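Chain residues, written in single-letter form:
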Amino acid sequence: MKEEILYGINSVIEALRGKRRAFELFVSRDANDRRMEKLLKLAAEKGVPVRSRDKRDIGRLCGSEHHQGVALRLEGFPYSEVADIVSSWRESGESGLILALDGVQDPHNLGALIRSAACAGAHGVIIPKDRAARVTATVEKSAAGAAETIPVAQVTNLALALDELKKVGFWIYGTADSAASPLYGNDLTGNVVVVIGGEGEGVRPLVRKKCDFLVAIPLRGGVSSLNASVAGGVVLFEVLRQRLAVKQ
């Protein structure tokens, strides 16, 4: 059984609320965060043993000094299938929203994008298995626990996954700096897959061909592009804004 060490208070709290089996909780002897009481209560409810450790020992255990005095040994991250995401969407009775990431390699960007997707009400996130960041403790820390609340699927071929989503009624919107269509001129109230490209080359040509629409985020000033996680957040929350406006 694959295991991992998760760290950071929000990440650990959400993991303890989730379905993964947790084995041990390590807490710094001098931890004084006000959320610690909630964390310890969750651990007790799940029957997770709590070990008191020196702050430096926890840092060595999780390989980071940004652990906020807590680390959790638990089962490895459980990836979903694309079919699970589709089922979640259908059961919701809502317009579908899925975030697809084409080669995002920075774990902090991946974590931020997962968090934005969860906060925007997306039904899932799809990432490639190769040449892209996977969900690690660093990603989960950056997502501040959001990775426990939204399905994340790994696929061998993102282009084929997009084809399958088209068949069940999704429109694919890719982001591209050179796109003729500005983001805010598109109707995003239907079933939408938002495709965000990697930090270097953006959306790759093969995946770009699968997009029904290419949209650009209007920019001002001397900078020519946005960080991948920022771009994803802008598009996701434009989708949410339009949907909330329709309901009013």
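Residues numbered from 1 in each chain as written. Predicted model: local features only at pLDDT ≥ 70, side-chain atom pairs only at ≥ 80, totals over all residues. Heavy atoms only, no water.

Just to check I follow, could you spell out the overall build of the chain for this structure?
If you tally the helices and strands in the chain, you get nine helices and eleven strands. Expected size for 248 residues packed as a compact globule is a radius of gyration near 18 Å; at 19 Å, the chain falls within 12% of this value. Along the longest, intermediate and shortest principal axes, the C-alpha atoms of the chain span 55 × 45 × 40 Å. When the accessible area of the chain is evaluated, it comes to approximately 12500 Å², of which 48% is carbon and sulfur surface. The distance from the centre of the 33 positive side-chain charges to the centre of the 29 negative ones in the chain is 1 Å. (Helix = DSSP H or I, 4+ residues; strand = E, 2+ residues; numbered from the N terminus. Rg over C-alpha atoms; globule rule 2.2 N^0.38 Å. Areas by Shrake-Rupley, 256 points an atom, 1.4 Å probe, with all protein chains shown as cover. Lys, Arg positive; Asp, Glu negative; His and termini not counted. Charge placed at Lys NZ, Arg CZ, Asp CG, Glu CD.)

Help me understand a nonpolar patch on the surface in this model?
On the surface, a nonpolar cluster with roughly 200 Å² of combined accessible area is contributed by Leu219, Leu226 and Val230. Its location among the elements puts valine 230 in helix α9 (residues 228-247). Judged by its relative accessible area of 39%, valine 230 falls in the partly exposed class. (Patch = residues over 30% accessible without salt bridge, like charges linked within 9 Å, V, L, I, M, F, W, Y side chains within 5 Å. Salt bridge = Lys/Arg side-chain N within 4 Å of Asp/Glu carboxyl O. Buried < 20%, exposed > 50% of the residue type's maximum accessible area, 1.4 Å probe, protein only.)

Hey, could you run me through helix α7 (residues 158-167) in this one?
Side chains three or four residues apart in an α-helix point the same way, a direct result of the helix having 3.6 residues per turn. Of all the residues in α7, the buried ones are Leu158, Ala159, Ala161, Leu162 and Leu165. Viewed end-on, α7 has its buried residues packed into an arc of 160°, placing them on one side of the element. Every exposed residue of α7 that faces more than 90 degrees away from the buried side is listed here: Leu160 and Lys167. The backbone nitrogen of alanine 159 lies 3.0 Å from a side-chain oxygen of the residue at the head of α7, namely asparagine 157. Looking one or two places after α7, you find glycine 169, whose phi comes out positive at around 110°. (Arc of directions from axis to C-beta. Polar contact = N/O pair within 3.5 Å; in protein donor to acceptor, adjacent residues only side chain to side chain.)

Could you clarify how one ought to interpret the nonpolar core in this entry?
Across soluble globular proteins, nonpolar side chains show a tendency to be buried alongside one another. Judged by nonpolar contacts, the single largest core of 34 residues is most densely connected at Leu99, Leu101, Leu110, Ile114, Val125 and Val194. The set of elements that each furnish at least two residues to this core consists of β5 (97-102), α5 (107-119), β6 (124-128), β10 (192-197) and α9. With near-sequence residues (within four places) excluded, leucine 101 lies in contact with Leu110, Leu113, Val125, Ile126, Ile127, Pro128, Leu158 and Ile196. In this structure, Ala15, Met36, Leu39 and Cys62 belong to the second largest nonpolar core, which totals 24 residues. (Core = buried A, V, L, I, M, F, W, Y, C linked by side-chain atoms within 4.5 Å. Contact = heavy atoms within 4.5 Å.)

Sorry if this is basic, but what is going on with the packing of helix α1 (residues 9-17) against helix α2 (residues 36-45) here?
Each pair of packed helices can be described by the angle between their axes along with the distance between the axes. Where α1 contacts α2, the axes come no closer than 9 Å and their chain directions differ by 25°. It follows that α1 is roughly parallel to α2 by the angle criterion. Both α1 and α2 take part in a crossing whose hand is left-handed. Together, Ile9, Val12, Ile13, Leu16 and Arg17 of α1 and Met36, Lys38, Leu39, Leu42 and Ala43 of α2 make up the contact between the two elements. Broken down by class, the residue content of the contact of α1 with α2 amounts to eight nonpolar, no polar and two charged. (Axes fitted to C-alpha atoms, helices over the stretch in contact; angles between N-to-C directions. Parallel < 35°, antiparallel > 145°, perpendicular 65-115°, else oblique. Left-handed = near helix turned anticlockwise from the far one by under 90°. Nonpolar A, V, L, I, M, F, W, Y, C, P; charged D, E, K, R; others polar.)

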